[in-house]
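Overview (structure and organization)
So the chains spell out like this:
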Amino acid sequence: MKIADKIFYGGDYNPDQWDNETIRQDMIYFKEAGINLVTLPVFSWAKLEPDEGVYDFGWLDELMNLFAENDISVCLATPTVAQPAWLSSRYPEVLPVDIAGRRRTHGMRVFFCYNSLKYRQRAAAIAEEMAKRYQNHPALAVWHVANEYGTYCYCPICQAQFRVWLRKRYGNIDNLNEKWNTAFWGRTLYSFEEVMLPTELNDDYRFNPAIQLDYMRFVTDSTAECFENEYRVLKKYTPDIPVQTNMSGYIKKLDQFKMAEKMDIIGWDNYPWPTDDRSFIAFKHDIMRGLKNGQSYMLMEQSPNQQNWQPYNKLKRPGEVRLLSYQALAHGADTCLFFQMRQSIGGQEKFHGAVISHAGHNDTRVFREIKQLGHELAAIGDACVGAYSSSKVGILMDWNNWWALELASGPSKDMNYLSTVAKYYRAFYEQNISIDILGYGADLSGYKIIVAPMLYMLKDNISAKIEKFVNDGGILILTTMSGLVDENDRCVFGAYPGPLRDVAGLWVEETDALFPHEKNGIEFSELLPGFDKRYSCGFLCDLIRLTTAEPLATYTDDFYAGKVCFSRNHYGAGKAYYIGTEPEQAFLNNLAAEICQQAKVQAPFQADEGVEITVRHTETVETIFIINHNSASACVQLGNNVYNNRITAEDVSGRFELAAYDVAVLVRANR
Ligand code: GLA
Ligand code: ZN
C-alpha cells in the first residue's frame, strides 16, 4: 500500500495546549523543517466533547484549514484514548479494574474498559462526528484510532464477556474442562458462570496457564473489537482513507498479528533503549513489516531527543535520530514521525524530547538535525514508499507461543521468548541477510531457510507446514522447547518435539535447567566449515535421543557430557538442524553463515562490520539503505554498478566509504 507520493515527515502535535500565536509560529518552523504531516488531536476528547453529545469542533476546523493552507497533511486521530472526565464520573463502568481488583481513577490515558458498552458508544459517536465533518477535508490523509491500546481490565463487564467468549470457543463446559485440563488440582467447573478471571498477583506460576492464556487471547479479541468499533464508522464515510492505530513498543500484551488483521496499515512507536543492540531495533521493525505479510508500515512515533519515562534519559547523540530514522525506512517504514512536535509545559511528559523544545524556537541542535533530515527525506522522494523487501530467510514468531511459553511453570523461570527469537534474528542480521518475521499463517514456500526458535506450541497445522517445507528442500533450524504443547497448553503429542520428531530425526528425553551462573559447552568432534571447535552454552540442555539425525556436536560437561546437543537430519530434499540448548551468539552467527552459504543466500554487498545494508524494492525501483553504525568510517564494496546516493546526489560505485554514523540511500544511476 502506497500511502503517499512522499515520505510523510512530522508527528504528534497537541495544539489544544497552544494559543494562536504559537500555532502560527509553529507553522513557520514546520515549513522550515520540511514537516509535511502532523498527527492530531490524539488527546482532545475533553475539548471536542465538553459534555455528552455536545461537540465543539470549531477550533479543530480552523487548524485543519490552517494545515491545508500550509500544505501539511493531517493524520487525524479519534481522541478516544483519553475519555473526558464527565464520561468517567457519570459512568464509572468506563474505568478499568486492575488485576488487584482496584477500580482505577480518572487521570491516566488508555484507562478505559475496552468492553464497556458506554465507552464504545461514546467512542463511536465522536468518531462519527469527526468522520462526517472531515471526510472531504483536503488535509485528511490517514486515520489514527485511539493510542497504544494495551490495558488489561478485570472488571465485572470483562468477567461476563469472558464467559461469553469461552462459551463460543468451547461450546459446553465439559469441553472447556477437558481443554483446560481442570481435573488437575480438582479445578472442575460445572457451568460457565463459575469461570473467574485469572487475577493472580504473586508471580509464583500457580494459576492454570491455560486460563491465563485464554484471558490474554480474550483481551486481544476485545481490544481488536474496540478498534473495529471506530474503524467501521470511519470507513463508512471515508472508505479510501487508511485507518490504523499505533502499536506500543511493548508489544507482548496484544497479539499483534490479530490486531493487524483489522488495520489497513500498521503503525508503531519506536522507542529504543540506549542499551538496545542495533539488531534488536531492526528486529522490532521487521516484526512490524511481518504483521501484514511484508506490507510497509507507518513509523508513528519516535523521540526527536531523550525520553522522559526511562530511568536515565540519555540525550540522543548528534546524528542518532537521523540514523534511527533511516533504519526504520530501511526495514519497511514509509513515514518518519515523532512524538512530539512541541514540548508540553506541564503534565506527565513535560521533559520528553520534542522538535520544538521549551526554548520555543528553532535555534537548537535538535531542530537543526530534524530540519536536515526533513530536507534529505524530501530529496529521497517516494522511491521506497510502499516498497517491499525480499527475504529468503524467515523466522517464525507467534504471540500465543510467546504467552504460553512464559506462563509455564518450569523448566526455567527465565524463559524469554522475545530475546531468544532476537538472538537468532541477530545471527542473520549481522551478516546483512534480510529476514522476514512470519506468523504461523504465513506461506513458507518462498523461503530457503526457516528458523523456529522455541516452537513450544503447535497449532494451526504449523508442524505439517514445516515438514513440507523441509521435505521440499528447505533448511530448518529447530531448538529446545519445541513441540511441547497444543493450542490449549496441553502436552499431548508424546515425546518432544511432538509431530516434529520425524523432521528433526530425534526425540528429547529430558531437559535440564541451568542456574544463571552455570554454563555447559558445545564441542565438535569433527570440525564443520565455518565453526570453531568449542562454544559455551547454558540456560537449558536437552538430553537428546537421535533416531535418524546425525550428531554434529556434544556437551562438554555434567553427567551428559559427550551426549549430542546439536544435530542435523536429512529429510526429503531438505535438512533440519536441532539445537538442544542456548548457545552463545558466536555459534548462532557461524551457523547462520554456514547455512546461508549452503542455501546460496547472500548479503547485497560485502561490507565492514557494523554496516547495515538493506534493500527495498517496488516493481520499478530498488532502494538500497546503507547505515554505518560505527563510530569510525567504514566501507562497502559496491562492485561495478553505478548508484546515485539520493542524500548527496552523488554517483558512487566500487569501494564506497561512509563516515562514522553516516547513511546512504542508493538507487541505480540511469546511464
Ligand atoms: C507513547 C505514546 C505517546 C507518548 C510517547 C512518549 O508512544 O503514544 O503519546 O506518550 O509514548 O514516549
Ligand atoms: Zn473491563
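Residues numbered from 1 in each chain as written. Chains lettered and ligands numbered in written order. Predicted model: local features only at pLDDT ≥ 70, side-chain atom pairs only at ≥ 80, totals over all residues. Heavy atoms only, no water.

1. Overview of the environment of Gln 244
Test applied: For helices the rule is a DSSP run of H or I covering at least 4 residues; for strands it is a run of E covering at least 2, with both sets numbered from the N terminus onward. Every residue pair with non-hydrogen atoms within 4.5 Å of one another is taken to be in contact.
Assignment of secondary structure puts Gln 244 in strand S5 (residues 243-244). It is 21 Å that separates the C-alpha atoms of Gln 244 and Ile 281, two residues lying 37 residues apart in sequence. Excluding residues that lie within four positions of it along the chain, Gln 244 makes contacts with Cys 75, Val 142, Trp 143, His 144, Val 145, Phe 227, Met 263, Ile 265, Gly 267, Met 298 and Met 300.

2. Re helix H15 (residues 462-471)
The criterion, for reference: Categorising residues by exposure relies on relative accessible area from a 1.4 Å probe, with only protein chains included: less than 20% of the type maximum marks a residue as buried, more than 50% marks it as exposed, and the intermediate range marks it as partly exposed. Directions are taken from the helix axis to each C-beta atom, and the arc is the one they span.
Within H15, burial applies to Ile 462, Ser 463, Ile 466, Phe 469 and Val 470. Projected onto a plane normal to the axis of H15, the buried residues spread over an arc of 120° and lie on a single side. Those residues of H15 that are buried are in contact with strand S10 (393-396), strand S12 (449-452), strand S13 (475-479), helix H16 (501-504), strand S18 (564-571) and strand S19 (574-579). A positive phi of about 120° marks Gly 473, the residue just after H15.

3. Regarding the packing of helix H3 (residues 58-69) against helix H5 (residues 117-134)
Note the following rule: Helix axes use the C-alpha atoms of the stretch in contact, all axes being lines fitted to C-alpha atoms, and the angles between their N-to-C directions lie in the range 0 to 180 degrees. With respect to orientation, any angle under 35 degrees is reported as roughly parallel, any angle over 145 as roughly antiparallel, any angle of 65 to 115 as roughly perpendicular, and every other angle as oblique. For any pair of crossing helices, the crossing counts as left-handed if the nearer helix is rotated counterclockwise from the farther one by less than a right angle, and right-handed if it is rotated clockwise. Any residue that is not Ala, Val, Leu, Ile, Met, Phe, Trp, Tyr, Cys, Pro, Asp, Glu, Lys or Arg is counted as polar, Gly included; the first ten are nonpolar and the last four charged.
It is at 12 Å that the axes of H3 and H5 come closest, and there the two elements cross at 45°. Considered as vectors, H3 and H5 are oriented oblique to each other. For the crossing formed where H3 meets H5, the hand is right-handed. Counted together, Leu 60, Asp 61 and Met 64 of H3 and Met 130, Arg 133 and Tyr 134 of H5 form the full contact between these two elements. Here the residues of the contact of H3 with H5 sort into four nonpolar, no polar and two charged.

4. Brief notes about the coordination of the zinc ion (ligand 2)
Just so we agree on the cut-off: Listed donors are limited to N, O and S atoms within 2.8 Å of the metal, widened to 3.2 Å for Na, K and Ca; water is not among them, so incomplete-looking sites are possible. Four donors are marked tetrahedral only if all angles between them lie between 85 and 135 degrees, whereas four are marked square planar and six octahedral if opposite donors are more than 155 degrees apart and the other angles lie between 65 and 115; the remainder are marked irregular.
The coordination sphere of the zinc ion (ligand 2), as far as protein atoms go, consists of Cys 113 (SG), Cys 153 (SG), Cys 155 (SG) and Cys 158 (SG), spread over 2.2 to 2.3 Å. For the zinc ion (ligand 2), the four donor atoms are set out with angles of 101 to 116° between them, so the coordination reads as tetrahedral. As a motif over one chain, the donors of the zinc ion (ligand 2) read C-x39-C-x1-C-x2-C. Take Cys 158: its relative accessible area is 0%, and that puts it in the buried class.

5. As for empty space enclosed by the protein
The condition that has to hold: Buriedness for pockets is judged along seven lines, at least five of which must meet protein on both sides within 12 Å for an open set on the 1 Å grid over protein atoms alone, while cavities are sets there where a 1.4 Å probe fits but cannot get out, and lining residues have an atom within 4 Å of a point. Grid points are joined across faces, edges and corners, and a volume is the space filled by probe spheres set on the points.
Counted by the stated rule, this structure contains four cavities of 30 Å³ or more. Roughly 50 Å³ of internal volume is contained in the largest cavity. Forming the boundary of the largest cavity are Thr 420, Lys 423, Tyr 424, Met 454, Thr 479, Thr 480, Thr 581, Glu 582 and Pro 583. Those elements giving two or more residues to the lining of the largest cavity turn out to be helix H14 (417-429) and strand S20 (581-583).

6. Some thoughts on the pairing of S13
Heads up, the condition is: Criterion used throughout: strands pair if DSSP finds at least two bridges between them. Handedness of a crossover is defined as follows: with both strands directed away from the viewer, a clockwise route from the first strand across the helix to the second makes it right-handed.
Of all five residues in S13, five are buried, a share of seventy percent or more. Burial along S13 is two-sided: the face carrying Ile 475, Ile 477 and Thr 479 and the face carrying Leu 476 and Leu 478 are both buried. As paired strands, S12 and S13 are joined by four bridges and run parallel to one another. Within S13, the residue paired with Ala 452 across the bridge is Leu 478. The handedness of the S12 to S13 crossover, carried by H15, is right-handed. As defined by bridge partners, S13 adjoins S19 across five bridges and the pair is classed as parallel. Bridge pairing links Thr 479 to Ile 579 in S19.

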